[in-house]
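Residue-level structural notes
Spelled out, the chains give:
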Amino acid sequence: MSGLLKGLDTYGLSLKIDEYLQVYGIGHSSTCADVLSIILCGLEMLLGSMLLLGLMKPFPILGILSMLSFFTVLTALSTFIPQYRIEECGCFGNLFPMSSEKSLFKNGVLIVIAALYLFSERNITCANCNNFLLEAFTLVLVVSISFGIPVYGTLQQSILDTGGYKIGVDVKSMPTFRIVDNQYRDITDTFTKADNCIILVQKQSFTTEERIRVSHISHNNGPLIVLRYEACDTLPGLPNYVCNSNLLKSLIRSRHNAVVEMSNGIIQKKKLLNRYEN
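So, here's what we can say about the structure. Every chain begins its residue count from 1, and numbering advances along the sequence as written. Given that this is a predicted model, residues contribute local features only at a pLDDT of at least 70 and side-chain atom pairs are listed and counted only at 80 or more, while totals for whole chains, interfaces and linings are drawn from all residues. As a rule here, side-chain values come from all non-hydrogen atoms in the structure, and water together with hydrogens is ignored.

Secondary structure is summarised from DSSP: a helix means a run of H or I of at least four residues, a strand means a run of E of at least two, and numbering begins at the N terminus for each. Check the secondary structure of the chain and you find ten helices and six strands. Exposed residues in this analysis have more than 50% of their type's maximum accessible area, buried residues have under 20%, and partly exposed residues fall in between, with area computed by a 1.4 Å probe over protein chains only. Here the chain, with 278 residues, has 43% of them falling under the buried criterion.

By size, the foremost hydrophobic cluster in this structure holds 21 residues, and its most contacted members are Tyr165, Ile199, Leu227 and Val260. Of all the secondary-structure elements, those providing two or more residues to this core are β2 (196–202), β3 (224–228), α9 (245–251) and β5 (258–263). Ranked by size, the runner-up nonpolar core spans eleven residues in total, among them Ile198, Leu200, Ile217 and Leu224. As used in this record, nonpolar core signifies buried Ala, Val, Leu, Ile, Met, Phe, Trp, Tyr and Cys residues forming a set joined through side-chain atoms within 4.5 Å.

Our next topic: the packing of helix α3 (residues 30–53) against helix α4 (residues 59–80). Running from amino to carboxyl end, α3 crosses α4 at an angle of 140°, the nearest separation of the two axes being 8 Å. By the angle class used here, α3 and α4 are oblique. Considering the relative orientation of α3 and α4, their crossing is left-handed. The segment α3 lies against α4, with Leu40, Leu43, Glu44, Leu47, Met50 and Leu51 engaging Pro60, Ile61, Gly63, Ile64, Met67 and Phe71. Under this grouping Gly is polar, as are all residues other than the nonpolar Ala, Val, Leu, Ile, Met, Phe, Trp, Tyr, Cys and Pro and the charged Asp, Glu, Lys and Arg. Its residues assigned to classes, the contact of α3 with α4 comprises ten nonpolar, one polar and one charged. Helix axes are fitted to C-alpha atoms over the stretch in contact, other axes to C-alpha atoms as well, and angles between N-to-C directions run from 0 to 180 degrees. Every angle not falling under 35 degrees, over 145, or within 65 to 115 is termed oblique; those three ranges are roughly parallel, roughly antiparallel and roughly perpendicular. When the near helix sits turned anticlockwise from the far one by under a right angle, the crossing is termed left-handed; a clockwise turn instead gives a right-handed crossing. When checking whether two residues touch, look at their non-hydrogen atoms; a contact exists if any pair is within 4.5 Å.

Along the polypeptide, Asn107 turns up in helix α5 (residues 100–120). A 3.5 Å cut-off defines polar contacts: any pair of N or O atoms within that distance qualifies, except that in protein one atom must be a possible hydrogen donor and the other a possible acceptor, and neighbouring residues in sequence count only when both atoms are side-chain atoms. A distance of 3.5 Å separates a polar atom in the side chain of Asn107 from a polar atom in the side chain of Thr72.

What follows is about the packing of aromatic side chains. Any Phe, Tyr or Trp ring, taking Trp's six-membered ring, that has another such ring centre within 6.5 Å forms a pair; planes under 30 degrees apart are called stacked, those over 60 apart edge-to-face, and the others tilted. According to the stated counting rule, one finds three aromatic pairs in the structure shown. Note on Tyr20 and Tyr24: the rings are 6.4 Å apart at their centroids and 10° apart in plane angle, and the pair reads as stacked. Using a relative accessible area of 14% as the deciding quantity, one classes Tyr20 as buried. Seen in terms of ring centroids, Tyr24 and Tyr84 are 4.6 Å apart; in terms of plane orientation they differ by 15°. Their pairing is stacked. Taken together, the residues span a long stretch of sequence, with Tyr24 in the loop between α2 (10–23) and α3 and Tyr84 in the loop between α4 and α5 at a distance of 60 residues. A residue is classified by how much of its surface remains accessible, and Tyr24, at 24% relative accessible area, is partly exposed. Looking at Tyr84, the relative accessible area reads 22%, which means it is partly exposed. Cluster of aromatic residues (ring-pair linked, three or more members): Tyr20, Tyr24 and Tyr84.

The next subject is α4. Expected helix span is given by 1.5 Å per residue-to-residue step, counting one fewer step than there are residues. Relative to the 32 Å expected for 22 residues at 1.5 Å per residue, α4 spans 32 Å between its end C-alpha atoms, a close match to the ideal helical length. Every buried residue of α4 is listed here: Pro60, Ile61, Gly63, Leu65, Met67, Leu68, Thr72, Leu74, Thr75, Ser78 and Thr79. In this fold, the buried residues of α4 make contact with α2, α3 and α5.

With that settled, the discussion passes to the pattern of salt bridges. For this analysis, a salt bridge means a side-chain nitrogen from Lys or Arg found within 4 Å of a carboxyl oxygen belonging to Asp or Glu. In total, this model carries three salt bridges according to the counting rule given. With a closest N to O distance of 3.0 Å, Arg85 and Glu101 form a salt bridge. Within this pair, whereas Arg85 is found in the loop between α4 and α5, its partner Glu101 is found in helix α5, the two being separated by 16 residues in sequence. For Glu101, a relative accessible area of 37% gives the class partly exposed. The salt bridge involving Arg213 is made with Glu209; its shortest N-O contact spans 3.3 Å. Taken together, the positions of Arg213 and Glu209, both in helix α8 (residues 208–215) and four residues apart, correspond to about one turn of that helix. Given the relative accessible area of 42%, Glu209 is considered partly exposed.

Quick look at the sheet that holds β3 now. DSSP-based pairing: two strands are paired if at least 2 bridges between them are found. Judged by pairing direction, the sheet is mixed, and its six strands sit side by side in the order β1-β4-β3-β2-β5-β6 without closing on themselves. Of all strands in the sheet, those with a lone pairing partner are β1 (179–180) and β6 (266–271), marking the two edges. The sheet contact formed by β5 and β6 spans five bridges and is antiparallel. Counted as the bridge partner of Met262 is Ile266 from β6.

Relative to the 34 Å expected for 24 residues at 1.5 Å per residue, helix α6 (residues 132–155) spans 34 Å between its end C-alpha atoms, a close match to the ideal helical length. Of all the bends in α6, the greatest, near 30°, is centred on Gly148, and the proline Pro150 appears no more than four residues after it. Considered for burial, the residues of α6 that qualify are Glu135, Val142, Ser146, Pro150, Gly153 and Thr154. Each element contacted by the buried residues of α6 is listed here: α1 (2–8), α2 and α3. Note on bend: the value at a residue is the angle between axes fitted to the seven residues ending there and to the seven starting there.

Structure below.
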């Protein structure tokens, strides 16, 4: 369950891993965080599925015990050492926030249960071991699904939108939706008066291909503007506005430049290169 919830919002998990990397002095690395989020989600879903299906006993429970032990040590450091303090552990993604103290207790209980299960199953063999082809096929299928979900979420955008700005939400009702111009004057009210609008959410510098795609976007659905981090470059001829980084993280649950179409509410959110491909 933990791996599945993380896999549905791999971007949120990637941000949490990036936070851990910075707290422990490794430094900011979005690429490293993305890769680790895929591996973590995939392993958790794989081990859980193998345990439920009775594949390759006792390796799944040994793997689960190893991961629980590692994260228990990590959580203990976050709980008792101030310099490593992280308020929410991210065990169940953004859907079920959990403090480090609760996570530490939860891990302790799960380790005891896993150890008892391993002890009780020590002399039991897998019922499907005699059918090697069936077990091998099942294992390949489970591996494909377990790693396919977080890979898709990383390359495209998170399957589950946990950022608050879901399809159908009227941004006018969101207190965190604030936009400023290049002189840092708040122009949110002026912006929200438009009934229809297309927003380019710029999270990194536009590639040449993305710049070409932007030039072909139709303006029939309303004005076209760019919301960006302050550090990003701009597109000449288009209004460019700066907004809080947390807003961009919530608006689009991926690291890619994206398109948000609004008409009295958010009606569509797509990765830029996917939305306007011919």
